[in-house]
Amino acid sequence: RTVRMDVDTTREKDSHEKMLETFRSGRANVLIGTQMIAKGLDFPKVTLVGVIAADMMLNLPDYRSAERTFQLITQVAGRAGRADDPGRVLVQTYDPEHYAIKLAAEQDYRAFYMRESLFRRKALYPPFTVIARIVFSAREESAAQAAAESAEAKMNAWLDTTGARIDVIQMRALEAPIRLLRGMARWQLFLKMYFKGDLPGATRRMQALADEAPAGVRAELEVNPSNLF
């Protein structure tokens, strides 16, 4: 007897609570779901947790992918064996040797922190640098591209005028990783710079460029965004 929880089955009001109560009461003995069931749930009778395609996020174009994979596995593993009965966790993966998978299985937070920190320091990712971007969205791709390239030219002029370029690692206009979202074409002005640089000045200038976006183009500034899609 199963309960399925995902974005499609939880659209109705109070659907979350009804499904969880069905599972909690024992009227269903298997709960199948997306990441929404990975944390915050306490069911003393749960003794087995399975994670399917645990490495799926490792292939996403995001420097946090290993962290999120480690976090998801450790969180969902915590749903098993919360009472007197011991719990088991089965993890299905195509990349069992990846450090995020191995260290999550070992529940070794310290080792993961050390490994991930070393990677981010060498690759110049936050928290050792700052990433800021303006995402331009428009119905026509040409409009989004033109807005991003115009902002790039103006940002280049600001970097040269203020001398801030010395602290910039990367700055360019390019397509967003997800080029089309909800019918809107997406381009971005991407900036990565060292922490010691003029971050307040750079982000103020980028916000001004976002505010200057032409009609028909939506522009949003993100600093160390939660994802880079």
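In short, a report on the structure. This is a predicted model, so every value here is computed, not measured.

Considerations on the pattern of salt bridges
Then, number 1: One pass over the structure, following the stated rule, counts 15 salt bridges.
Then, number 2: The shortest N-O distance in the salt bridge between Glu-212 and Lys-154 comes to 3.5 Å. Placement of the pair is Glu-212 in the loop between helix H6 (199-211) and strand S8 (218-223) and Lys-154 in helix H5 (residues 141-162), with a sequence separation of 58 residues.
Then, number 3: Relative accessible area serves as the criterion here: at 43%, Glu-212 is assigned to the partly exposed category.
Then, number 4: A relative accessible area of 37% means that Lys-154 is categorised as partly exposed.
Then, number 5: Close ionic contact of Arg-165 with Asp-160 constitutes a salt bridge, the shortest N to O distance being 2.7 Å.
Then, number 6: Connected via shared salt-bridge partners are Arg-4, Asp-6, Asp-8 and Arg-11.

Some words on the packing of aromatic side chains
Then, number 1: Applying the stated criterion across every chain yields a total of 6 aromatic pairs.
Then, number 2: Ring centres of Phe-23 and Phe-43 lie 5.0 Å apart, and the angle between their planes is 90°; on these two criteria the pair is classed as edge-to-face. Linking Phe-23 in helix H1 (residues 15-25) with Phe-43 in the loop between strand S2 (30-33) and strand S3 (48-51), this pair joins segments that are 20 residues apart in sequence. Neither residue differs from the other here; Phe-23 and Phe-43 are each classed as buried.
Then, number 3: Ring centres of Phe-70 and Phe-112 lie 4.3 Å apart, and the angle between their planes is 10°; this geometry places the pair in the stacked category. You can see Phe-70 sitting in helix H2 (residues 65-77) and its partner Phe-112 sitting in helix H4 (residues 109-123), a full 42 residues away along the chain.
Then, number 4: Exposure remark for Phe-70: the relative accessible area of 6% places this residue in the buried category.
Then, number 5: By the ring-pair criterion, three or more aromatic residues cluster together here, those being Phe-70, Tyr-99, Tyr-109 and Phe-112.

Looking at the nonpolar core
Then, number 1: Ranked by size, the top nonpolar core spans 29 residues in total, and within it Met-5, Leu-31, Phe-43 and Phe-112 carry the most contacts.
Then, number 2: Of all the elements in the fold, those that place two or more residues in this core are strand S1 (2-5), H1, S3, H2 and helix H3 (99-106).
Then, number 3: Other than its neighbours up to four places away in sequence, Phe-43 contacts Leu-20, Phe-23, Arg-24, Leu-31, Arg-79 and Arg-82.
Then, number 4: By size, the runner-up hydrophobic cluster in this structure holds 26 residues, among which are Phe-136, Ala-148, Trp-158 and Ala-173.

The rules behind the values
Residues numbered from 1 in each chain as written. Predicted model: local features only at pLDDT ≥ 70, side-chain atom pairs only at ≥ 80, totals over all residues. Heavy atoms only, no water. Salt bridge = Lys/Arg side-chain N within 4 Å of Asp/Glu carboxyl O. Helix = DSSP H or I, 4+ residues; strand = E, 2+ residues; numbered from the N terminus. Buried < 20%, exposed > 50% of the residue type's maximum accessible area, 1.4 Å probe, protein only. Phe/Tyr/Trp six-rings, centres within 6.5 Å; stacked < 30°, edge-to-face > 60°. Core = buried A, V, L, I, M, F, W, Y, C linked by side-chain atoms within 4.5 Å. Contact = heavy atoms within 4.5 Å.

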